[in-house]
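Okay, here's what each chain looks like letter by letter:
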Number of protein chains: 2
Amino acid sequence: MYAFTAPFEAPTGSPIRELFKYLAQPGMISFAGGYPASDLFDVAGLEAAAARAAQQPALCLQYGPTDGLATLKEELAKLMARRGTPCSPQDLLVTTGSQQGFDLLLRVLVAPGDTVLVEQPAYPATLQALRLQQANIVTLPVDRDGLDVEALDALLASSALPQPPKLLYTVPTFANPTGATLTRERRVALLRLAVRYRFLVVEDDPYGDLRFAGTALPSLLALTSEVPGARDWLVHFSSLSKIVAPGLRVGWTIAPAEIVRRCVVAKQTVDLCSSPWTQAIAAAYLADGALERHLPHIVAAYARKCAALCDALAAQLPDDIAFHRPDGGMFVWARLTRTQDASAYLQACIAENVMFVPGIAFYHDRHDVASLRLSFAAPGVADIETGVSRIGLALRTLEQR
Amino acid sequence: MYAFTAPFEAPTGSPIRELFKYLAQPGMISFAGGYPASDLFDVAGLEAAAARAAQQPALCLQYGPTDGLATLKEELAKLMARRGTPCSPQDLLVTTGSQQGFDLLLRVLVAPGDTVLVEQPAYPATLQALRLQQANIVTLPVDRDGLDVEALDALLASSALPQPPKLLYTVPTFANPTGATLTRERRVALLRLAVRYRFLVVEDDPYGDLRFAGTALPSLLALTSEVPGARDWLVHFSSLSKIVAPGLRVGWTIAPAEIVRRCVVAKQTVDLCSSPWTQAIAAAYLADGALERHLPHIVAAYARKCAALCDALAAQLPDDIAFHRPDGGMFVWARLTRTQDASAYLQACIAENVMFVPGIAFYHDRHDVASLRLSFAAPGVADIETGVSRIGLALRTLEQR
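Residues numbered from 1 in each chain as written. Chains lettered and ligands numbered in written order. Predicted model: local features only at pLDDT ≥ 70, side-chain atom pairs only at ≥ 80, totals over all residues. Heavy atoms only, no water.

**Q** Tell me about the overall build of chain A, and name the residues and values.
**A** The secondary structure content of chain A amounts to 13 helices and 14 strands. In terms of overall dimensions, chain A is globule-like: its C-alpha atoms have a radius of gyration of 21 Å, near the 21 Å expected for 401 residues. Based on the C-alpha atoms only, the size of chain A along its principal axes is roughly 60 × 55 × 55 Å. The buried share among the 401 residues of chain A stands at 63%. A separation threshold of at least 6 residues defines the contact pool for chain A, and within that pool the share at least 24 residues apart is 75%. As displayed, chain A has an accessible area near 14,000 Å², and 54% of this comes from carbon and sulfur atoms. Between the averaged position of the 35 positive side-chain charges in chain A and that of its 39 negative side-chain charges there is a distance of 2 Å. (Helix = DSSP H or I, 4+ residues; strand = E, 2+ residues; numbered from the N terminus. Rg over C-alpha atoms; globule rule 2.2 N^0.38 Å. Buried < 20%, exposed > 50% of the residue type's maximum accessible area, 1.4 Å probe, protein only. Contact = heavy atoms within 4.5 Å. Areas by Shrake-Rupley, 256 points an atom, 1.4 Å probe, with all protein chains shown as cover. Lys, Arg positive; Asp, Glu negative; His and termini not counted. Charge placed at Lys NZ, Arg CZ, Asp CG, Glu CD.)

Here it is in structure tokens:
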């Protein structure tokens, strides 16, 4: 009856959201979520920040600048400086979560048919945004050290691409879904390729502060200082969603000024501004040093949860599930070694009241049906152990069929 | 250096935002803003609502449903019922301001080249959103009774359009910028045309509750019950920005379920969800009945301000400026009767420390350079009177050149 645009003729929603209905099943233990742990939110710190923000009611309640509240931009620039990547407030755009930053970037840079490179497996909302933008999606393999930059080099040197890529999307630190972290050598090599072949590297970094093992690596943004010209080809997204709270909807984009300016024009018509109220709360929270005080509690809890999950998997299912222990973030990426179809396996698990996300949700092509993602962020340690037992039970059930 | 998409090759920001720099001029009195009055916000009521919302921290701080918090959707459905337009929560999508609602609608329905009808003069962000979507914009005239539906009828019956229109955008009640309100007869006629020619009528209704004179008229959404089939062709936007506070960034879309479903899929990739924290505050505010208690204060203040502006214009500039007294909203639309160029006039006014928006900001084509928009929402009554005196001074200066 209505003539929808091509991407919305028969649109598909997020494959992960399709699983939400099972969350209501009584007693369900879920490793499926991509949400941070609600019980680790710094409720007292955020209440105090909200009280301070409320001292400037007109600032909170009126429209705000499209590029973000000045006070928040200053605090975010200070946070980036503490992360070793100084930036000026002009290079920084506050968005409604970093997801909006990616959407704005696609609008100003990617026309239908433009080639975009994506590591695979990848964050499903990224794949979905690219599909809705009708981009020509070209996937790149990853391994336990992140994006295979040698494969990228070979691809770029070949004539396999129909056109030069506009951009490459990657989560180089504690990736979703693989948990992998790109090595320093690969980071530098990636930046060199970007300069050489003139494409934008989009570094999505929501998890970088959630490190509980190994040695911290500089972000791609930080490493641009070592590769001449690379800063012109780097767009960096970050977010308070995983380190403070998603409900603030505070993400930010750091990009060359010419790109930021266009993203601001796009945002003027997209939503005029993100909520100045939650921006003011976020600014007060950061100014108070609350992030530095509270974040170690979240990281320590995730360390315990990750260890509980990996230890239980190794102890109970040593021959059935292969995985790699991540050094941070929220996810363990695993592979069924004997049962091959993680989707069928999920159904058996749901019957045992435990859930995960089948890996196919993270693929655009060349699906690995035996893969699956387990998030340890939300469940408690006891539930994690019970959950892995149930995964084992489901595996026995499936094998006996 | 970067290959931007066509609409962003040389993007222009909002013409009104270009005027913002003059707001910092000491002593400036501005009739230029489109913002509601900051000193009329219900600070106490919103603080109380925030305190109630804070009793459910996990709800405020975690990701929320893409289509909006269930509690807020229920309160908005009740508000719509009080306005005489019952709707079910399934037909309702919460957005980051109603501006996001329009953006999502364009994404799912308007492809580059598609014909979109717009009343003219119109809200600049609407024109900008249509340009960025590369729509074929066709403007329709308005008079003091709003959109000229007879002209629309004639256009649709002719073969002047290159293709059937996808949608028609209108602010039928206290329009921005004209302040005009569409008559009941025209409303019904417009809905009949929508059914007959199968295009969506987009009713943007941020100001409908701000009536301080005349008799309330049913919205187009309400009148769909009188025109068989019209509900299928009506999309209604509303917002808390002008009746509570823009900083909440709470708008909503009411549309046929098939359209809402696609807008939700688009929103999943656009920003995942609007801030659940400000949504929870908005829900608490509405549930408490605070809107009904406080809104009369805002409306009474706007009535006084509008009277002060119109009385002063009529008393001091009877032969120079023609205008029509609106029955509500925030804007007086005026026309210079002797000096013809409102943009040159604005420069003379800025020298006298008073501002307005030249009418050309609201035109896509066939600009009326003698028109201008005066907002009475933000300045106080004394400033309004001083401001009109300054407008008079600037006019004398200009005439003496």
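More follows now that the structure is in view.
**Q** Could you give me a rundown of the sheet that holds strand β14 (residues 371-375) of chain B, with the residues and numbers involved?
**A** One key point about sheets: their strands pair by backbone hydrogen bonds, in either a parallel or an antiparallel sense. Residue and element names in this part refer to chain B. Overall, antiparallel pairing links the four strands, which are arranged β10-β11-β14-β13 in an open sheet. Bordering the open sheet on either side are β10 (321-323) and β13 (357-358), each of which pairs with just one other strand. Relative to β14, β13 runs antiparallel, the two being bridged by two bridges. Its bridge partner lying in β14, Pro358 is registered against Leu372. Strand contacts of helix α11 (residues 290-316): β10, β11 (331-336) and β14, with the helix running at about 140 degrees to β10, the strand carrying the most contacts. (Pairing = 2+ DSSP bridges. Axes fitted to C-alpha atoms, helices over the stretch in contact; angles between N-to-C directions.)

**Q** Which residues make up the pattern of salt bridges, and what values do they have?
**A** Under the definition given, this model contains 38 salt bridges over all chains. Between Arg82(B) and Glu292(B) there is a salt bridge, with its nearest N and O atoms 2.9 Å apart. On the criterion of sequence distance, the pair formed by Arg82(B) in helix α3 (residues 70-82) and Glu292(B) in helix α11 is long-range, its members being 210 residues apart. Here the salt bridges share partners, and the residues they tie into one network are Asp103(A), Arg107(A), Asp103(B) and Arg107(B). (Salt bridge = Lys/Arg side-chain N within 4 Å of Asp/Glu carboxyl O.)

**Q** Before we move on, could you go through the UniProt feature "domain: Aminotransferase class I/classII large" (unreviewed entry) in chain A and cite the residues and values that matter?
**A** Listed under "domain: Aminotransferase class I/classII large" (unreviewed entry) in the UniProt record, and renumbered for this structure, are residues 52-391 of chain A. Helix makes up 42% of residues 52-391 of chain A and strand 17%, whereas the separation of the span's terminal C-alpha atoms amounts to 46 Å. (UniProt positions renumbered as here; feature names shortened; annotations may be inferred.)

**Q** Outline the interface of chain B and chain A, listing residues and values.
**A** Listed as interface residues are 75 residues of chain B and, on the opposing side, 75 residues of chain A. In total, about 6,400 Å² of surface goes out of reach between chain B and chain A, with carbon and sulfur atoms giving 62% of it. Contact with chain A buries area across many residues of chain B, yet Tyr2(B), Leu61(B) and Tyr63(B) alone supply 12% of it, more than any other trio. Linking chain B with chain A are two salt bridges, by the criterion used here. Among the ionic pairs, Asp103(B) bridges to Arg107(A), the shortest N-O distance being 2.7 Å. If you look at where chain B meets chain A, you find 32 residue pairs in polar contact (both at pLDDT 80 or more). Per-element accounting of the side of chain B that touches chain A gives the leading share, nine residues, to helix α9 (residues 257-270) of chain B. Taken together, the residues of the side of chain B that touches chain A break down into 42 nonpolar, 19 polar and 14 charged. (Buried area = accessible area lost by both parts, 1.4 Å probe. Polar contact = N/O pair within 3.5 Å; in protein donor to acceptor, adjacent residues only side chain to side chain. Nonpolar A, V, L, I, M, F, W, Y, C, P; charged D, E, K, R; others polar.)

**Q** Lay out helix α4 (residues 97-109) of chain B in plain terms, naming residues and giving numbers.
**A** Each α-helix winds once per 3.6 residues, and so residues spaced three or four apart point in a common direction. Relative to the 18 Å expected for 13 residues at 1.5 Å per residue, α4(B) spans 19 Å between its end C-alpha atoms, a close match to the ideal helical length. With 13 of 13 residues buried, α4(B) lies mostly within the body of the structure. (Expected span 1.5 Å × (residues − 1).)

**Q** Residue-level account of the layout of surface pockets, with values.
**A** For the second largest pocket, the calculated volume is near 950 Å³. Put simply, the parts of the chain that give the lining of the second largest pocket at least two residues each are β1 (29-30), α4 (97-109), α5 (124-132) and β14 (371-375) of chain A together with α9 of chain B. (1 Å grid on protein atoms, 1.4 Å probe; cavity = no way out; pocket = protein on both sides within 12 Å on 5 of 7 lines; lining within 4 Å. Points joined across faces, edges and corners; volume = space filled by probe spheres on them.)

**Q** Summarise the relation of the copies chain B and chain A; cite the residues concerned and give the values.
**A** The transformation that overlays chain B on chain A combines an axial shift of 0.0 Å with a rotation of 180 degrees, and the residual RMSD is 0.0 Å. On the angle and the small slide along the axis, the relation comes out as a two-fold axis. Interface residue correspondence from chain B to chain A reaches 100%, placing this contact among same-surface, isologous pairings. (Least-squares fit on C-alpha atoms with pLDDT ≥ 70 in both.)

**Q** Run through empty space enclosed by the protein, naming residues and quoting values.
**A** Considering all chains together, one arrives at six cavities of 30 Å³ or more under this definition. The calculated volume of the largest cavity comes to roughly 70 Å³. Forming the walls of the largest cavity are Val43(A), Leu46(A), Glu47(A), Ala54(B), Pro57(B), Cys60(B), Leu61(B) and Trp277(B). Secondary-structure elements contributing two or more residues to the lining of the largest cavity are α1 (43-53) of chain A together with α2 (57-61) of chain B. Grouping the constituent residues of the lining of the largest cavity by class yields seven nonpolar, no polar and one charged.

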